[in-house]
Amino acid sequence: MAAGLWLACIAASTGALPLETALRSLVLAPALEETLFRAGLQHRLSQRLSAQQANTLTALFFALTHWLLTPSWLAALTFLVAWCIGHVFQATQERLLPCIALHALANWIWLASPASAWLQHIPLR
C-alpha cells in the first residue's frame, strides 16, 4: 500500500497523472484487486487445486474481468502480469503487500508508457 501511495504522490506532484487517477490506479485498484483475487480467489483455489492451477485460474479470471470492463489488448496482457504476481503470492507464503506493491508498479509502468493509449484502442476481434 505504501508503494502505491508513494507512486501516486510522485505521479500527481509531477503532473504525470491527475491525483484522482493516481490514487485510483496506484493505491485503490491494486489493494482491492489483490485482496479479491489473491487473498480471496487464489487462496481458496489453492486449497482445492495445485498452486500452479490456482495461480493460472486466478490470472485467467483477473484478465477476463479486465477484458469485460475494457475489451482491449490491455486486458489480454494482464494475464501475464497477474500470473507473475500470483507466483510472488505463493513464494511469499501468501503475503499480500508485495503483490499490492507489484500491482501498483505494473499500473505505473503501463500508465507511464506512451504505447498504453495506442494499444488500448486496438480491438481484439
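The sections below set out a description of the structure shown in this document. Per chain, the residues get numbers from 1 upward, laid out in the order the sequence is written. Whole-chain, interface and lining totals are the exception, using all residues; otherwise, since this is a predicted model, local features are given only for residues with pLDDT of at least 70 and side-chain atom pairs are given and counted only at 80 or more. In computing side-chain properties, one takes all heavy atoms of the structure into account and sets aside hydrogens as well as water.

## Thoughts on the overall build of the chain
Put simply, the rule reads: Strands are runs of DSSP state E lasting at least two residues, helices are runs of H or I lasting at least four, and both sets are numbered from the N terminus onward. Three exposure classes are used, based on accessible area relative to the maximum for each residue type with a 1.4 Å probe and protein chains only: buried under 20%, partly exposed in between, and exposed over 50%. Contacts are residue-level and defined by heavy atoms, with any inter-residue pair within 4.5 Å sufficient.
Helix and strand content of the chain: 6 helices and 0 strands. Counting from the amino terminus, the chain carries its helices and strands in the arrangement α-α-α-α-α-α. Relative to its full complement of 125 residues, the chain shows a buried share of 30%. Taking the intrachain contacts of the chain between residues at least 6 apart in sequence as the baseline, contacts between residues at least 24 apart amount to 58%.

## Details of the environment of Leu26
Among the structural elements, Leu26 can be located in helix α2 (residues 19-46). Assessed through its relative accessible area of 1%, Leu26 is described here as buried. Residues Leu26 and Ala106, 80 residues apart in the sequence, show an inter-C-alpha distance of 8.9 Å.

## Focus: the packing of α2 against helix α3 (residues 51-69)
Cut-off, in case you're wondering: Angles here are taken between N-to-C directions and fall from 0 to 180 degrees, while the axes themselves are lines fitted to C-alpha atoms, restricted in helices to the stretch in contact. By convention the crossing between two helices is left-handed if the near helix lies anticlockwise of the far one by an angle smaller than a right angle, and right-handed if it lies clockwise. Any residue that is not Ala, Val, Leu, Ile, Met, Phe, Trp, Tyr, Cys, Pro, Asp, Glu, Lys or Arg is counted as polar, Gly included; the first ten are nonpolar and the last four charged.
The contact between α2 and α3 brings their axes to 9 Å, and the two run at 145°. Crossing geometry of α2 relative to α3 is assigned as right-handed. Where α2 approaches α3, its residues Glu33, Phe37, Arg38, Leu41, Gln42, Leu45 and Ser46 are matched on the opposing element by Ala54, Asn55, Leu57, Thr58, Phe61, Phe62, Thr65 and His66. Each residue belonging to the contact of α2 with α3 can be placed in one class, and the counts come to 7 nonpolar, 6 polar and 2 charged.

## Thoughts on the packing of helix α4 (residues 73-91) against helix α5 (residues 97-112)
The test is simple: What sets the label is the angle itself: under 35 degrees gives roughly parallel, over 145 gives roughly antiparallel, 65 to 115 gives roughly perpendicular, and the rest give oblique.
In contact at an axis separation of 10 Å, α4 and α5 are set at 150° when each is read in the N-to-C sense. Comparing the axis directions of α4 and α5 gives the class roughly antiparallel. Of the two elements, α4 crosses α5, and the hand of that crossing is right-handed. Residues Leu74, Val81, Ile85, Val88 and Phe89 of α4 lie in contact with α5, whose contacting residues are Pro98, Cys99, Leu102, His103, Ala106 and Trp110. For the contact of α4 with α5, the class distribution of residues is 10 nonpolar, 1 polar and no charged.

## Side note on α3
Along an α-helix, a turn takes 3.6 residues, which lines up residues three or four apart on a common side. For the record, the criterion: Any helix carries an expected span of 1.5 Å times its number of residues minus one. In this description, the arc belongs to the directions extending from the helix axis to the C-beta atoms.
Taking 1.5 Å per residue, 19 residues should reach 27 Å; α3 reaches 27 Å between its end C-alpha atoms and fits that length. Turning to α3, its buried residues are Ala54, Asn55, Thr58, Ala59, Phe62 and Ala63. Each buried residue of α3 lies within a common arc of 160° when the element is viewed along its axis, so the set occupies one face. At its buried positions, α3 is contacted by α2, α4 and α5.

Shape descriptors only; they carry no functional weight alone.
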